[in-house]
Amino acid sequence: MLGRDEFLGALQALEGRYWGTHPFHERMHAGALTPAELRTWAANRWYYQAALPRKDAAIISNCPLPDVRRVWLERIVYHDGAKEGEGGREDWLRLCEALGLDRAEVLDERHVLPPVRFAVDAYVTFARTQPWVIAVASGLTEMFAGHLMRRRVVDVLAHYPWIAPQDLAYFTTRVEAVSGEGVQTVELVLEHCRTRAEQDAAVAALAFKCDVLWSMLSAIAGGTAGNR
Ligand SMILES: O=C(O)c1cc(C(=O)O)c2c(n1)C(=O)C(=O)c1cc(C(=O)O)[nH]c1-2
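Residues numbered from 1 in each chain as written. Predicted model: local features only at pLDDT ≥ 70, side-chain atom pairs only at ≥ 80, totals over all residues.

Peer 1: How should I be thinking about the overall build of the protein in this particular structure?
Peer 2: Check the secondary structure of the protein and you find eleven helices and zero strands. When the helices and strands of the protein are read in sequence order from the N terminus, they spell out α-α-α-α-α-α-α-α-α-α-α. On C-alpha atoms alone, the protein measures out to a radius of gyration of 17 Å, which is about the 17 Å that the 2.2 N^0.38 rule sets for 228 residues. The principal-axis extents of the C-alpha atoms in the protein amount to approximately 50 × 35 × 30 Å. Looking at the 228 residues of the protein, the share that counts as buried comes to 35%. Within the protein, contacts between residues separated by at least 24 positions form 81% of all contacts whose residues are at least 6 apart in sequence. (Helix = DSSP H or I, 4+ residues; strand = E, 2+ residues; numbered from the N terminus. Rg over C-alpha atoms; globule rule 2.2 N^0.38 Å. Buried ≥ 20, exposed ≤ 12 C-beta atoms within 10 Å, placed from the backbone. Contact = placed C-beta atoms within 7 Å.)

Peer 1: In this structure, what is going on with the environment of proline 115? I would like to understand it.
Peer 2: For proline 115, the position within the fold is in helix H7 (residues 114-129). Once the C-alpha coordinates of proline 115 and leucine 217 are considered, the two residues, 102 residues apart in sequence, prove to be 9.5 Å apart. In this structure proline 115 touches Ser215 and Ala219, once residues within four positions along its chain are discounted.

Peer 1: Explain the site of the ligand here, please?
Peer 2: For the ligand, the full set of nearby residues is Leu52, Gly139, Thr141, Glu142, Ala145, Leu148, Met149 and Arg174. Ranked by residue count, the leading element in the shell around the ligand is helix H9 (residues 142-159), at four residues. Partitioned by chemical class, the residues of the shell around the ligand number four nonpolar, two polar and two charged. (Near = placed C-beta within 6 Å. Nonpolar A, V, L, I, M, F, W, Y, C, P; charged D, E, K, R; others polar.)

Peer 1: How do you make sense of the packing of H7 against helix H11 (residues 196-223) when you look at a structure like this?
Peer 2: Each pair of packed helices can be summarised by the angle the axes make with each other and by the distance between the axes. Their axes nearest at 8 Å, the elements H7 and H11 cross at an angle of 165°. As the angle between them shows, H7 and H11 are arranged roughly antiparallel. Considering how the two elements wind past one another, H7 and H11 form a crossing that is left-handed. Of H11, the residues touching H7 (which contributes Pro115, Val116, Ala119, Val120, Ala122, Tyr123 and Phe126) are Phe208, Lys209, Val212, Ser215, Met216, Ala219 and Ile220. A breakdown of the residues in the contact of H7 with H11 according to their chemical character gives twelve nonpolar, one polar and one charged. (Axes fitted to C-alpha atoms, helices over the stretch in contact; angles between N-to-C directions. Parallel < 35°, antiparallel > 145°, perpendicular 65-115°, else oblique. Left-handed = near helix turned anticlockwise from the far one by under 90°.)

Peer 1: Even after reading the chapter, I still don't get helix H5 (residues 87-98), so can you show me in this structure?
Peer 2: Given 3.6 residues per turn, any residue in an α-helix points the same way as the ones three and four places further on. In this model H5 runs 17 Å from its N-terminal to its C-terminal C-alpha over twelve residues, within 8% of the 16 Å that 1.5 Å per residue would give. Close packing links the buried residues of H5 with helix H3 (35-62), helix H4 (66-80), helix H6 (103-107) and helix H10 (169-192). Just past H5, the residue glycine 100 takes up positive phi, approximately 105°. (Expected span 1.5 Å × (residues − 1).)

Peer 1: What is the right way to read unusual backbone geometry from this model?
Peer 2: A negative phi holds for most residues other than glycine; trans holds for most peptide bonds. Backbone geometry places glutamate 109, a non-glycine residue, at a positive phi of 65°. Among the secondary structure elements, glutamate 109 is positioned in the loop between H6 and H7.

Now the structure itself:
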């Protein structure tokens, strides 16, 4: 079995596979995306945002530990909101509207590309079918997300003058949550992976999740090729 630091190192070593360095994100951060490309991105990523509470509910359904379930439940409330009109889901829809999409065309998923649907559905299925701690490990991309989201807010506001700070509320709110959740998730994985086989499965789960995100973005980049 790997020691704590060695295991953590193996997880962190996957950062190079994370979507932070995907060419589509690089173009976004450089101000090179067209309004149509930003709309395709937002409408497709909606499908991911909408799936997250179902993914988290799958983790809870497989977890026998009340302490973990109690903590994990907060993620569902975070995304869905405590009531209608609140939460990450609502903030994402507002971002879509700010980019020029109607709420209805986001909600009916007409812009969602087949590979995005396929990748996101695979993430939900993974959470349903794997042991809870391995599914939790797949969410450790959050370790890499805080820095990327902070940079995104700065770069998007600098390069796309028609996007206002309040339009990016999803990310400004999320940055705060992700720093706390990231630590919490790492601790759960380090504590509950108790054999070498579980540690290896956790590293593989994180690699799988990096591939889910990368595939989404590659499809989004390809799906908007006509607008470049
Ligand atoms: O904007 C991003 O780059 C980014 C990345 C990720 C991620 O790395 O999975 C998440 C989010 N945002 C995010 O907002 C979010 O709520 C979230 C939940 C999860 C997850 O797997 O449970 N990842 C992410």
